[in-house]
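Structural overview for review
Read off the chains here:
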Amino acid sequence: MSQTEQPLLEVSAVDLVLNKRLLLEKIDFKIAPGEILTIIGPNGAGKTTLLRVALGLQRPTTGRVSQRQGLTIGYMPQRLQLDPTFPLTVKRFLFLACKNDRSKVLPLLEEVGATHVFESALKNLSGGEMQRVLLARALIRDPELLVLDEPVQGVDVHGQIELYQLISKVRDRRGCAVLMVSHDLHLVMAATDHVLCLNRHICCSGTPESVTNDPAFLELFGPSAVKDIAIYVHDQNHHHDECATCSRRLGND
């Protein structure tokens, strides 16, 4: 981001205290147009809480959250809670979110590789199919900022790789920024530009390579995590199906 370019979203000196518990402390970050920024951290670190603050769903106790005027945001939740007896199809689910132009639903499903589930009941989708449908729904408003909370939740490792690759392709095709929460250290590092390591406060931040060499990251996740992650920080020409390490992680060895 150039010095004159306004960030899409900026969080400045944010603290959050709820029920006398300090959930977030002195949080600062910004996200530029076209950037993929991933928040990682252990369970209970405040990752989803930080997303809620950034989206304006939770007011910080102190500090400031600012969005560029007129910013369009698409949001993909961590999971969708559905009554299994509720007969809702993918078609109806997306039509409900696309009141003004239903003609865009099939192209969106095609973009995320899920046209085959158009007439399917949501309750019958696999984990990967559901995440693709939720991603399509998040894209309905042509967002400048795509916010994804654990976008590979409930998906097997092969599906996770495909979803992270899809997210990168969506960013490249649309030019949107992506703010993502993930707990998967191994795969997400190859799919992001900038990493923010959170444990109620920001332990470290930077490129994937710089973060994995930071003492604060080593203290939080341990040296064994760095050894595994290094394998997954591939260059743009990497093909997972040709990589012996990826094959082992996928159970092909």
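Residues numbered from 1 in each chain as written. Predicted model: local features only at pLDDT ≥ 70, side-chain atom pairs only at ≥ 80, totals over all residues. Heavy atoms only, no water.

What about the packing of helix H2 (residues 90-97) against helix H4 (residues 127-138)?
- Running from amino to carboxyl end, H2 crosses H4 at an angle of 20°, the nearest separation of the two axes being 10 Å. When the axis of H2 is compared with that of H4, the two are roughly parallel. For the element pair H2 and H4, the recorded crossing hand is right-handed. Across the interface between the two elements, Val90, Phe93, Leu94 and Ala97 of H2 pack against Val133, Leu134 and Arg137 of H4. (Axes fitted to C-alpha atoms, helices over the stretch in contact; angles between N-to-C directions. Helix = DSSP H or I, 4+ residues; strand = E, 2+ residues; numbered from the N terminus. Parallel < 35°, antiparallel > 145°, perpendicular 65-115°, else oblique. Left-handed = near helix turned anticlockwise from the far one by under 90°. Contact = heavy atoms within 4.5 Å.)

Re the nonpolar core
- Grouped together as the largest cluster of nonpolar side chains are 49 residues, with contacts concentrated most on Leu109 and Val133.
- With near-sequence residues (within four places) excluded, valine 133 lies in contact with Val90, Phe93, Leu94, Leu109, Val117, Leu122 and Leu125.
- Core analysis: the second largest hydrophobic core is formed by 26 residues, Ile39, Val147, Leu179 and Val181 among them. (Core = buried A, V, L, I, M, F, W, Y, C linked by side-chain atoms within 4.5 Å. Buried < 20%, exposed > 50% of the residue type's maximum accessible area, 1.4 Å probe, protein only.)

Re the pairing of strand S3 (residues 36-40)
- Across the 5 residues of S3, 5 count as buried, placing the element largely inside the fold.
- What you see with S3 is no split at all: Ile36, Thr38 and Ile40 on one side and Leu37 and Ile39 on the other are buried throughout.
- Of the strand pairs in this sheet, S3 and strand S7 (residues 177-181) are connected by 4 bridges, and their pairing is parallel. Counterpart to leucine 37 in the pairing with S7 is leucine 179. (Pairing = 2+ DSSP bridges.)

So, the confidence of the model for the protein
- Predicted confidence across the protein gives a mean pLDDT of 86, with 86% of residues reaching 70 or more.
- Here residues 231-253 is modelled with pLDDT under 50, and outside its nearest four sequence neighbours on either side it reaches 30 contacts, counting other chains as well. (pLDDT = per-residue confidence, 0-100.)

Comments concerning helix H5 (residues 157-174)
- Between its terminal C-alpha atoms H5 stretches 26 Å, which fits the 26 Å expected from 18 residues at 1.5 Å a residue.
- Among the residues of H5, those classed as buried are Gly159, Gln160, Ile161, Leu163, Tyr164, Leu166, Ile167, Ser168, Val170 and Arg171.
- Of the surrounding elements, those touching the buried residues of H5 are S3, helix H3 (105-111), H4, strand S6 (145-149), S7 and helix H6 (185-188).
- A positive phi of about 75° marks glycine 175, the residue just after H5. (Expected span 1.5 Å × (residues − 1).)

Observations regarding unusual backbone geometry
- Positive phi values are uncommon outside glycine, yet lysine 20 reaches one of about 65°.
- With respect to the helices, strands and loops of the structure, lysine 20 is situated in the loop between strand S1 (9-18) and strand S2 (21-31).
- Phi angles above zero are rare outside glycine, and aspartate 142 is one such case at about 50°.
- Mapped onto the elements, aspartate 142 comes out in the loop between H4 and S6.

What to know about the sheet that holds strand S9 (residues 201-206)
- The 6 strands are arranged S5-S6-S7-S3-S8-S9 in an open sheet whose pairing can be described as mixed. Edge positions in the open sheet fall to strand S5 (73-76) and S9, since each of these has one partner strand only. Pairs of neighbouring strands in the sheet enclose a mean axial angle of 15°, with direction left out of account.
- By the bridge criterion, 5 bridges tie strand S8 (residues 194-199) to S9 in an arrangement that is antiparallel. In the strand pairing of S9, leucine 198 is matched with isoleucine 202.
- The sheet strands contacting H4 are S5 and S6, and the helix crosses S5 at an angle near 160°.

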